Each structure stands twice: as structure tokens, then as C-alpha cells.
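# Breakdown of the fold
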Amino acid sequence: MLPGVGVFGTGSTARVLVPLLKAEGFEVHALWGRSEEEACCLAKELGIPFHTSRSDDVLLHQDVDLVCIYIPPSMTRQIAVKALGIGKNVVCEKAATAVDSFKMVTAARYYPQLLSIMGNTLRFLPAFVAMRQMLVEGYVGEMQVCDVRVYGPSLLDQSYGWTCEELMGGGGLHTVGSAIIDLLSYLTGTRAHRVHGLLRTFVQQNSLIRGIRRVTSDDFCFFQMLMGGTGSSSCGVCCTVTLNFNMPGSFVHEVMVVGSTGRLVARGTELYGQRNGSKGEELLLGDSGWVGPEVKEMPLPHLRGLSSMVKALRQSFQAHEERRSWARGPVAMAPTFEDGLYVQTVVEAVKRSSCSGEWECVEIMSQEPDPNHNLCEALQRNKN
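Counting of residues starts from 1 at the beginning of each chain's written sequence and follows it residue by residue. With the structure being a predicted model, the display of local features is reserved for residues of pLDDT at least 70 and the display and counting of side-chain atom pairs for 80 or more, all residues being used for whole-chain, interface and lining totals. Side-chain measures here rest on the full set of heavy atoms in the structure, leaving out hydrogens and waters.

### Some remarks on the overall build of the chain
Of regular secondary structure, the chain possesses ten helices and 15 strands. Over its C-alpha atoms the chain spans a radius of gyration of 21 Å, differing by no more than 12% from the 21 Å that the globule rule assigns to 384 residues. Based on the C-alpha atoms only, the size of the chain along its principal axes is roughly 65 × 60 × 45 Å. Burial classification: accessible surface area is computed with a 1.4 Å probe over protein chains only, and a residue below 20% of its type maximum counts as buried, one above 50% as exposed, and the rest as partly exposed. Taking all 384 residues of the chain together, the buried fraction comes to 49%. Look at the contacts in the chain between residues 6 or more apart in sequence, and 67% of them connect residues 24 or more apart. Labels follow the DSSP assignment, with helices taken as runs of H or I lasting at least four residues and strands as runs of E lasting at least two, numbered in each case from the N terminus. Radius of gyration here uses only the C-alpha atoms, and the compact-globule reference equals 2.2 Å multiplied by the residue count raised to the power 0.38. Contact criterion: two residues are considered in contact whenever any of their non-hydrogen atoms come within 4.5 Å of each other.

### Some remarks on the domain arrangement of the chain
Residue ranges assigned to the domains are those given by an automatic or database domain assignment. Domain boundaries in the chain define domain 1 (2–119 + 299–335) and domain 2 (121–283). Counting residues at the interface gives 22 residues for domain 1, matched by 20 residues for domain 2. Each of two parts loses accessible area, computed with a 1.4 Å probe, when they are put together; buried area is these two losses added. Buried surface at the junction of domain 1 and domain 2, summed over both partners, amounts to about 1,800 Å²; 72% is from carbon and sulfur atoms. Looking at the side of domain 1 facing domain 2, the largest losses of area belong to P301, H302 and M333, adding up to 33% of the total buried there. One side-chain nitrogen of Lys or Arg within 4 Å of one carboxyl oxygen of Asp or Glu is enough to make a salt bridge. Linking domain 1 to domain 2 there are zero salt bridges. The set of elements that each furnish at least two residues to the side of domain 1 that touches domain 2 consists of α4 (73–86) and α8 (300–318). For the side of domain 1 that touches domain 2, the leading source of residues is α8, giving nine residues. Under the convention adopted here, Pro, Cys and the residues Ala, Val, Leu, Ile, Met, Phe, Trp and Tyr are nonpolar, Asp, Glu, Lys and Arg are charged, and Gly plus all remaining residues are polar. For the side of domain 1 that touches domain 2, a count of residues per class yields 14 nonpolar, five polar and three charged.

Shown next as C-alpha cells:
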């Protein structure tokens with residue numbers, strides 16, 4: 001028996017997610033938008049019976065047992081934590097800060113019987129599922145280098161909003177880079193321990209964002225990660241990631257893993273491989289064709305990954321008669337809230353590196369920092 005769904009968000013992801021949920025047999029009972037007008041408009045368009053701009057109206061809805069949160073990062077933590085506390089299963093996007101992510105982890109640990117996963121859909125893309133399996137089976141031998149390139153048009157909204165503000169979770173590193181950081185951890189089975197990065201905002205104003213308004217979120221990002229192999233006997237995996245969102249009309253999404261005996265490359269939704277000594281690449285997994293809706297704002301790898309994630313959710317819930325019960329197997333590959341905390345920690349380390357020009361260590365917080373820490377230090381200095 002599938003749970004009723006409440007969706008938070010009225011952006012491009014929500015517009016695609018709702019039809020995908022309905023196609024898999026889920027009933028979407030409620031929709032939240034930042035304004036009544038936004039919520040009403042999309043609810044009518046997608047045939048959702050209830051809409052609101054009050055978060056509690058969705059969270060307390062008697063027919064909603066699964067909450068999907070696709071809203072600005074600065075709002076994610078509040079909704080996710082409250083949803084778990086009320087007893088709802090949660091699928092959500094990234095939070096704005098590592099502190100917010102830590103609070104989400106704490107809530108998830110307190111309610112382990114509830115589903116709590118991050119919505120990084122790239123893990124579910126068939127090309128990356130196959131790539132990970134082939135890496136485990138030793139297709140490339142010992143993994144040495146990962147190289148990722150993502151190029152595309154601007155990520156900015158048509159008007160000034162959170163996508164323009166670095167502090168609110170806007171920018172290529174937070175929006176797209178976080179999914180890549182998580183994906184590389186999933187593919188290699190390791191985590192970054194040191195990073196070095198460079199962020200730039202080349203377009204600070206445009207025809208729609210001008211005057212006193214300026215964009216602070218990055219539209220170009222290059223960073224390196226040293227993953228695994230922290231001991232002196234092993235160098236681990238070296239990763240380089242380039243994100244450039246100053247290329248209108250084009251989209252490139254390429255993830256390459258090079259090892260001692262060969263390499264695997266995922267280009268878009270297709271997987272290629274070449275062993276050392278062979279004459280050329282071979283197509284290992286082709287694009288079976290996308291029969292769903294085309295969405296300009298959502299690249300095909302994320303679109304197909306989202307579809308695969310929804311299918312996995314259906315398989316996870318349908319095995320149980322109780323609407324809130326779920327099986328871990330079908331969604332075992334999904335990133336947990338702990339993975340979300342790791343990703344956000346890496347993102348913040350890359351930002352520090354861009355400011356300092358130095359390599360930065362990735363240290364995941366084990367307890368929530370004292371909000372009055374800086375004040376206490378200042379008082380202590382004054383006493384001395």
C-alpha cells in the first residue's frame with residue numbers, strides 16, 4: 001500500500017516529480033508553495049486537491065505519510081526536521097549549511113523507523129548504477145583519478161532570489177557540485193579528506209538583476225578532492241571537478257573514472273568503457289530513450305535519475321500493507337542525511353579554500369556548535 005504524498009515546492013523539480021509519482025501509483029494529496037497564488041496555480045495544473053502556503057497544513061494532513069521537499073535550501077532543515085517529528089517519511093533536497101544538515105541528521109537518528117533520504121537523483125541513474133557495479137567488479141583496476149565536467153547555461157532565476165545569494169545556498173557549487181560530491185563518494189566508496197577549490201562569479205548583474213542588486217553565488221567553480229588513502233602507504237583517489245554555468249544553449253555532463261587497467265566514462269545518460277590495450281571505447285550502456293516530459297530547466301541525467309528514484313520509492317513502500325512502512329532494499333543506494341552532512345561539509349571546505357588559497361581539511365562535525373560560542377569567546381577576552 002503506497003503512502004499519500006505531500007509536496008513542498010513549485011519549481012521545475014516539483015512540476016516533474018508530481019506526474020512521475022502519479023505514474024507509479026502514488027496519490028499526491030497536498031502541495032505547498034511560498035504564496036497562495038503559486039500553490040493554487042500549480043495545484044490546478046497538476047490536479048492536486050489541496051494547496052496551501054502554510055507548511056503545517058501539509059505536515060498535519062491526515063492523508064500525507066510521505067513528504068517530498070524541493071524548496072530553497074535555507075528552508076529545508078526546518079520542514080524536514082518538523083516532518084520527521086510528526087512521523088512523516090521524508091525525501092528532501094540539500095540544506096543551506098552544515099549546521100542545518102547536522103540538525104537533520106539528529107532528527108533522522110531519533111526516528112530511525114522513518115524513511116529519511118536526500119534527493120540526489122544521480123545515484124539512481126542507470127549509467128551510474130552500472131558504473132558503480134563495474135568499478136566494484138574491477139573493470140578499471142585500482143581507481144586512481146576521477147574527472148568531472150559539467151557545463152551549462154546560467155542557474156539564476158528570472159528575478160532576484162535565493163539562486164543569486166551564496167549565503168542562501170545559491171551557486172553552481174551548492175546546487176550542482178553537491179550532487180557531484182555525493183556521486184563521487186557513491187562511485188568510489190570513499191570520502192574526501194582534503195580539498196582545494198576556486199569559485200568565481202563572472203555575471204554579477206544582468207538585464208533582469210541590476211541596480212543595487214548583485215549576484216554573489218558562483219557561476220564557475222573548479223575544485224580538487226583527495227579521497228580515501230589517508231595513510232602514508234596509499235595515495236587514494238584524486239578527483240577534479242569543473243563546473244561552468246556561462247554556456248547558454250549547451251549542456252555537458254561527463255564523469256570519468258580512470259584506473260590502473262582501464263577507464264569508465266558516463267556522458268549524459270550513456271556509459272562507455274575502455275580497457276588498457278584496447279583500440280577504442282565501447283558502449284556499455286546506451287540511452288534507452290526518455291518517454292517522459294521534456295523539461296528545459298532539468299538536465300536529462302537528473303530527469304532520468306528522478307524517474308528511477310520514484311520507481312525505487314514505489315518498490316520500497318508497496319511491499320508493506322501499512323502506508324508508512326518501507327523496505328530498505330530498493331532505496332539502499334539513496335544518500336542518507338549523514339551523506340548530506342558530509343557533502344555540505346565538503347562544500348564549505350571548498351568555499352574556505354577559495355578564500356584562503358590553501359588546501360583545506362574536511363572535518364565532519366560530531367556535535368552541534370554552540371550558537372553563543374563567539375560571544376563567549378569575546379566575553380572571555382574582555383575578562384582577561
